[in-house]
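Structure at a glance
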Amino acid sequence: MKISKNLIACAAAFAVAAAAAAPCAAREIDVKVSTFGVYESKYEGFEARIVTPIVTGLAMDSIEKEINAKLAEKALEMQERYELEALELMNDPFAGNGAHTGWFMDYKVIDGDARFVTLDVTETNIVASSSTKRTIMNFDKETGMPVTLASFFNEKADAVEVLSRAVRDEMRRANKKHKGSFWLAPEEGEQKKDEAAAGGFSSIKADQNFYVDRDGNIVVCFDKYEVAPGSAGCPEITLDMKKLEPWLKAEK
């Protein structure tokens, strides 16, 4: 079973060529996400479906090139991992005819705040159970530039700390209603209750996945098993923007 890498290589080449061909003059901003290509493989118990998105219409060709190269690399990496795992299982005398593996990557554009185009790329690996990882990218429709969490906060605010505190508060509120909904690291002075809590959530990452919903609320997103049991899927925490007002940038 040989997996062709031509499609993904072409995606990266396309991004480079588009950037090289772009004129120095100001570009027309029209942010769009579309499907560059789809790779599919199905053989006995092995299956893969890898959809590669491409982002166009950003303000800067260098940023557009970098983003599309990363998306192409992500798809290529998944193809290679699928091929390696499938070959190992086929050559494993102990795996038997019941061996199976599934590798899937797809995307959607989140129907959120009308100011942004939000790309949500999901990677799923299925063996005995499944693991899911998301990569969310937000783009401002007006400026044609990527949007980060820090861009919502004024210069006096430590965005990571402010958001981490807000997320912890929401998780505690959820745990009071349904015990064990989230794995939370103990606060200073609290006694460790279990191993899950010991390694539980304490802070978001600087590049934490998020989007802005239709009501203008920041929604912080986590991968499966990152902060909660697998039954929770990929948890999302919607923040109360009124509580964040002291640290937010003033509306223009």
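In what follows, the accompanying structure is described. (Residues numbered from 1 in each chain as written. Predicted model: local features only at pLDDT ≥ 70, side-chain atom pairs only at ≥ 80, totals over all residues. Heavy atoms only, no water.)

Next up on the list: the nonpolar core. Phe152, Phe153, Val167, Met171, Ile218 and Leu239 are the most contacted members of the largest nonpolar core, which has 28 residues in total. Of all the secondary-structure elements, those providing two or more residues to this core are helix H3 (159-177), strand E6 (210-212), strand E7 (218-221) and helix H5 (241-244). Element by element, the count of residues in this core is highest for H3, at six residues. In this view, Phe152 contacts Phe116, Val147, Phe210, Val212, Ile218, Trp247, Leu248 and Lys249; residues no more than four positions away in its chain are not counted. Grouped together as the second largest cluster of nonpolar side chains are 25 residues, Ile63, Trp103, Met137 and Phe139 included. (Core = buried A, V, L, I, M, F, W, Y, C linked by side-chain atoms within 4.5 Å. Buried < 20%, exposed > 50% of the residue type's maximum accessible area, 1.4 Å probe, protein only. Helix = DSSP H or I, 4+ residues; strand = E, 2+ residues; numbered from the N terminus. Contact = heavy atoms within 4.5 Å.)

Attention now moves to unusual backbone geometry. Glycine aside, negative phi is the norm for most residues, and most peptide bonds take the trans geometry. The backbone phi angle of Glu44 is positive, close to 50°, even though this residue is not glycine. Among the structural elements, Glu44 can be located in the loop between strand E1 (32-43) and strand E2 (46-56).

The buried fraction of strand E4 (residues 116-126) amounts to nine of the 11 residues, a majority that puts the element mostly inside the structure. As judged from the eight bridges shared by strand E3 (residues 101-109) and E4, these two strands associate in the antiparallel manner. In the strand pairing of E4, Lys108 is matched with Asp120. A loop of six residues connects E3 with E4, the two strands running antiparallel in sequence. Of the pairings in the sheet, the one linking E4 to strand E5 (residues 130-140) comprises 11 bridges and is antiparallel in character. Counted as the bridge partner of Thr122 is Arg134 from E5. (Pairing = 2+ DSSP bridges.)

Let us look at H3. Helix length check: H3 (19 residues) gives 28 Å between terminal C-alpha atoms against 27 Å at 1.5 Å per residue, within 8%. Restricting attention to buried positions, one finds in H3 the residues Ala159, Val162, Leu163, Ser164, Ala166, Val167, Arg168, Met171 and Asn175. For H3, the elements touching its buried residues are E7, strand E8 (236-238) and H5. (Expected span 1.5 Å × (residues − 1).)

Turning our eyes to something else, we now look at the sheet that holds E7. With respect to topology, three strands assemble into an open sheet ordered E6-E7-E8, the strand pairing being antiparallel. Where the open sheet ends on each side, the last strands, each with one partner, are E6 and E8. Taking the axes of each pair of neighbouring strands and ignoring which way they run, one obtains an average angle of 20° across the sheet. Of the pairings in the sheet, the one linking E7 to E8 comprises three bridges and is antiparallel in character. (Axes fitted to C-alpha atoms, helices over the stretch in contact; angles between N-to-C directions.)

Right, let's talk about the sheet that holds E4 for a bit. Taken in spatial order, the five strands line up as E1-E2-E3-E4-E5 in an open sheet, and their pairing is mixed. In this open sheet, the two strands that pair with only one neighbour each are E1 and E5. Strand-to-strand twist of the sheet, defined as the mean angle between neighbouring strand axes without regard to direction, takes the value 15°. Note: E2 against E3, five bridges, orientation parallel. Considered in E3, the bridge of Arg49 is made with Phe104. Against the sheet, helix H2 (residues 61-90) engages E1, E2, E3, E4 and E5, with an angle of about 175° to E2.

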